[in-house]
Amino acid sequence: MRLLMETSSGKMASASEGRATTCMPRRELPGRPPREGNGRLHYRASVGKGGRRTGYGVYVYPNSFFRYEGEWRGGKKHGRGKLLFKDGSYYEGDFVDGEITGEGCRHWALTGNTYTGQFVLGEPQGHGVMKYQAGGHYEGELFHGLREGHGCLVDADGQVYLGSFHDNKRHGRGRMIFRNGDEYEGNWVRDQRQGHGMLRLVDGSTYEGQWHSDVFSGQGSMAHCSGVIYRGMWINGHPMAQATRIVILGPEVMDTAQGSSLTLTVQLQQDNGEVATSEDGRELEISAGVRYVQLPAYSEVSFFRVDNGLGQTPIQTPFGFQCISYPLSSPKSGGPEPRAALGSASADSPFPEGDPGGPPAGRHEPRCPGNRRRAKQGCVQFSDVCLGPPPPGYHAVLFLEGLREVGSRPRGQDHGGTTPIAQGLPGGSRLDGVATVEPAAEAFPGEYVLMIHDVTTPPFLSHTLPTAFKHLRVLARGAGQQPHVPREDPEALS
């Protein structure tokens, strides 16, 4: 008779029974001890019909690697028993006609894994629980020792998968909870997310759509925790029609009269120049700057002299000059609500007042109320944009009219723009030909910059769009043409 057993490598093998003796009266000399070990059987049982052993026995194989303790029937291991291996592995459970079949427990000394459940012909098959030495466990259906069918797998990192398996891999419909708290529910193909599925990120973002090779691929929709929503095609985990830049529509240089307001239309564009209509909800902020010019002859003088305590850092613009931040007008007392200072919060805003989906209160420090908008289908409009008066600490320095005709153009640059020009002497005069002015109620004529920033928080897909700039010239009231640029040549000023 042959016994099916599992070797130290985890595979089942068969071994022939060795010679056995029973505990029935033996033809031995009186007082001689029974022979045990060395490939023999110490057997306590009865002998059934035909001389076959029945009952309980301890059998040591001629190959001493194996040892069996348990029940026998008809000369075969049958009933409850324990098969031990010399390396420390063992099986304990049911035997049927010499085969490991039924309920039992198998331990592998080499891997440290332990399986408890159903067996068929020596292999884990049916329903059971596999505990892994490295951590984690599997509970569910198996076939020929592999995960097959429905089950729950918990890995060493605590990640949980509940769903279908095939050939020991996640395959079919299943739900996965990752170590960081992210959760996926959908289709799997050979341990990878593929087909249709939904991912819920721990930060509140969600993606629902097509997957391929474990990444977003195909048609899908993402609702980002920042409020951005993208609906469209994805390729290798990236949105195909994502915005890559901010564009302020209009002429290259915009002119406006002193004290007037204007409207800015802004687009989020792709690399090919098309509007990113697949995007909604990106948060944009408008700010302004005034041209900052340091005169070579008077290193302490600029068109706006700024108190040292303000710590202003010049901003580089794409127009060949620097600017320092400048305020946009705030609503007047009795005027519109702060949110309406740069355009009303009407139907063009996807987030109404108090909407919890809008930008959380206190997350940012806006430069002035109502200077933020959320894009809709890649577009946003800032209305009633108006420059405010110079803030405290900004001291305007205007140049006398007579200096226009003296000297030459500024050395090293000629931008063809304008700078603040004296329209008389609103303040006192100085011998060097420069006049300081008293605080004004509105912006002075000159060169300014409007900037649109992507302040989406957190950044959509960890990417913030670069700031867009628009060159703005403020003209004096009644001026038929733009003012001339003052002479900045040190010799002329002297």
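Residues numbered from 1 in each chain as written. Predicted model: local features only at pLDDT ≥ 70, side-chain atom pairs only at ≥ 80, totals over all residues. Heavy atoms only, no water.

**Comments concerning the overall build of the protein**
Threshold: Runs of E in the DSSP output that reach at least two residues are strands. Runs of H or I that reach at least four are helices, and both are numbered from the N terminus. Burial classes: relative accessible area under 20% of the type maximum marks a residue as buried, over 50% as exposed, and values in between as partly exposed (1.4 Å probe, protein chains only). Here, residues are in contact when the closest pair of their heavy atoms is within 4.5 Å. Residue exposure ignores everything except the shown protein chains as possible cover, and the areas themselves are Shrake-Rupley values with a 1.4 Å probe.
On a plain count of helices and strands, the protein comes out with 1 helix and 34 strands. A total of 494 residues make up the protein; the buried ones form 42% of that total. Within the protein, contacts between residues at least 6 apart in sequence are counted, and of these 45% link residues at least 24 apart. Approximately 24900 Å² of the protein is accessible, and the part contributed by carbon and sulfur atoms is 51%.

**Regarding the confidence of the model for the protein**
What counts, and what does not: The pLDDT score gives, residue by residue, the confidence of the prediction method on a 0 to 100 scale.
Averaged over every residue, the pLDDT of the protein is 76; the share at 70 or more is 66%. Overall, residues 1–39 carries pLDDT values under 50, and its contacts beyond four positions in sequence, including any with other chains, amount to 93 contacts. Confidence drops under pLDDT 50 across residues 400–435; counting only partners more than four residues distant or on other chains, this segment forms 79 contacts.

**Details of the packing of aromatic side chains**
Going by this rule: Ring pairs are drawn from Phe, Tyr and Trp, using the six-membered ring of Trp, whenever the two centres fall within 6.5 Å, and their geometry is named by plane angle: stacked under 30 degrees, edge-to-face over 60, tilted for the rest. Placement of a positive charge over a ring is assigned whenever Lys NZ or Arg CZ falls within 6 Å of the ring centre and within 35 degrees of the normal to the ring plane.
Tallying each qualifying case throughout the model produces 22 aromatic pairs. Taking 5.1 Å as the distance between ring centres and 80 degrees as the angle between the ring planes, the aromatic pair formed by Phe65 and Phe66 counts as edge-to-face. For Phe65, a relative accessible area of 22% translates into the label partly exposed. Taking 5.0 Å as the distance between ring centres and 75 degrees as the angle between the ring planes, the aromatic pair formed by Tyr91 and Phe119 counts as edge-to-face. Of this pair, Tyr91 sits in strand 8 (residues 90–96) while Phe119 sits in strand 10 (residues 114–120); the two residues are 28 residues apart in sequence, bridging distant segments of the chain. No difference in accessibility class separates Tyr91 from Phe119, as the two residues are buried. Among the aromatic side chains, those forming a connected cluster through ring pairs are Tyr138, Tyr161, Phe165, Tyr184, Trp188, Tyr207, Trp211, Phe216, Tyr230 and Trp234. Above the ring of Tyr184, the side-chain terminus of Arg193 is found at 5.5 Å from the ring centroid.

**So, empty space enclosed by the protein**
The gaps of empty space that remain are located by a probe, the size of a water molecule, rolled over the atoms. Inclusion rule: Definitions used for this entry: grid spacing 1 Å over protein atoms alone; cavity, a set of points where a 1.4 Å probe fits but cannot get out; pocket, an open set with protein on both sides within 12 Å along at least 5 of 7 lines; lining residue, one with an atom within 4 Å of a point. Grid points are joined across faces, edges and corners, and a volume is the space filled by probe spheres set on the points. Amino acids outside the nonpolar list (Ala, Val, Leu, Ile, Met, Phe, Trp, Tyr, Cys, Pro) and the charged list (Asp, Glu, Lys, Arg) are all regarded as polar, and Gly is one of them.
Applying the stated criterion across every chain, the model contains 2 cavities of 30 Å³ or more. In this structure, the largest cavity encloses a volume near 80 Å³. If you go around the largest cavity, you meet 15 residues; those closest to its centre are Thr256, Ser260, Cys386, Leu387 and Val474. Listed by contribution, the elements that provide at least two residues to the lining of the largest cavity are strand 23 (253–257) and strand 34 (468–475). Among the residues making up the lining of the largest cavity, the classes are represented as 10 nonpolar, 4 polar and 1 charged.

**A look at the pairing of strand 16 (residues 183–189)**
To keep things clear, this is the line we draw: In this description, strands pair whenever DSSP reports at least two bridges between them.
In this sheet, strand 16 lies alongside strand 15 (residues 169–177) in antiparallel orientation, the contact comprising 6 bridges. When the sheet's bridge partners are listed, Arg173 is paired in strand 16 with Asn187. The antiparallel hairpin formed by strand 15 and strand 16 contains 5 residues in its connecting segment, where Gly181 sits at a positive phi of about 100 degrees. Two strands pair when backbone bridges link them, and strand 16 and strand 17 (residues 192–200) are joined in this way by 6 bridges, in the antiparallel orientation. Residue pairing across strands places Glu185 opposite Met198, the latter belonging to strand 17. Hairpin connection between strand 16 and strand 17: a loop of 2 residues separates the two successive antiparallel strands, and Arg190 in this loop has a positive phi of roughly 50 degrees.

**Points about the environment of Tyr59**
Along the polypeptide, Tyr59 turns up in strand 5 (residues 53–60). Its relative accessible area of 0% is what places Tyr59 among the buried residues. Taking the C-alpha atoms as reference points, Tyr59 and Glu69, separated by 10 residues in sequence, lie 6.3 Å from one another.

**Brief notes about unusual backbone geometry**
In this structure, Pro458 follows Thr457 across a cis peptide bond, with omega equal to -10 degrees. With respect to the helices and strands, Pro458 occurs in the loop between strand 33 (446–454) and strand 34.

**Brief notes about the pattern of salt bridges**
Put simply, the rule is: Salt bridge, as used here, is a side-chain nitrogen of Lys or Arg placed within 4 Å of a carboxyl oxygen of Asp or Glu.
Under the counting rule described, the total for this entry stands at 14 salt bridges. With its nearest N and O atoms 2.8 Å apart, the salt bridge here joins Arg80 to Asp94. Highlighted residues: Arg80 in strand 7 (residues 76–85) and Asp94 in strand 8, separated in sequence by 14 residues. Between Arg473 and Asp255 there is a salt bridge whose closest N-O contact spans 2.7 Å. Linking Arg473 in strand 34 with Asp255 in strand 23, this pair joins segments that are 218 residues apart in sequence. On the basis of relative accessibility, which here comes to 14%, the residue Arg473 falls in the buried class. For Asp255, a relative accessible area of 43% translates into the label partly exposed. Residues joined in a network through salt bridges with shared partners are Glu283, Glu285, Arg372 and Arg374.

**Quick look at the pairing of strand 29 (residues 372–376)**
Most of strand 29 is tucked away, with 4 of its 5 residues classed as buried. As paired elements, strand 25 (residues 279–292) and strand 29 share 4 bridges and run antiparallel to each other. By the bridge assignment for strand 29, Asp280 is matched with Lys376.

**Let's talk about the environment of Met240**
Take Met240: it is sitting in the loop between strand 21 (238–239) and strand 22 (245–248). Overall, Met240 belongs to the exposed group, its relative accessible area being 52%. For the pair Met240 and Ala276, spaced 36 residues apart in sequence, the C-alpha separation works out to 10.0 Å. Among all residues touching Met240, those that are not within four sequence positions of it are Tyr230, Met233, Trp234, Ile235 and Gln270.

**Comments concerning the nonpolar core**
Our working definition: Joining through side-chain atoms within 4.5 Å is the link that ties buried Ala, Val, Leu, Ile, Met, Phe, Trp, Tyr and Cys residues into a set, and such a set is a nonpolar core.
Counting residues in each nonpolar core, the largest one holds 34 residues, and the members touching the most others are Phe304, Phe382, Leu387, Tyr448 and Ile452. Here Tyr448 is in contact with Gly289, Val290, Phe304, Tyr326, Leu387, Ala443, Lys470, His471, Leu472 and Val474, once residues within four sequence places are set aside. Formed by 33 residues, the second largest nonpolar core is a distinct cluster that contains Tyr59, Phe85, Trp108 and Tyr138.

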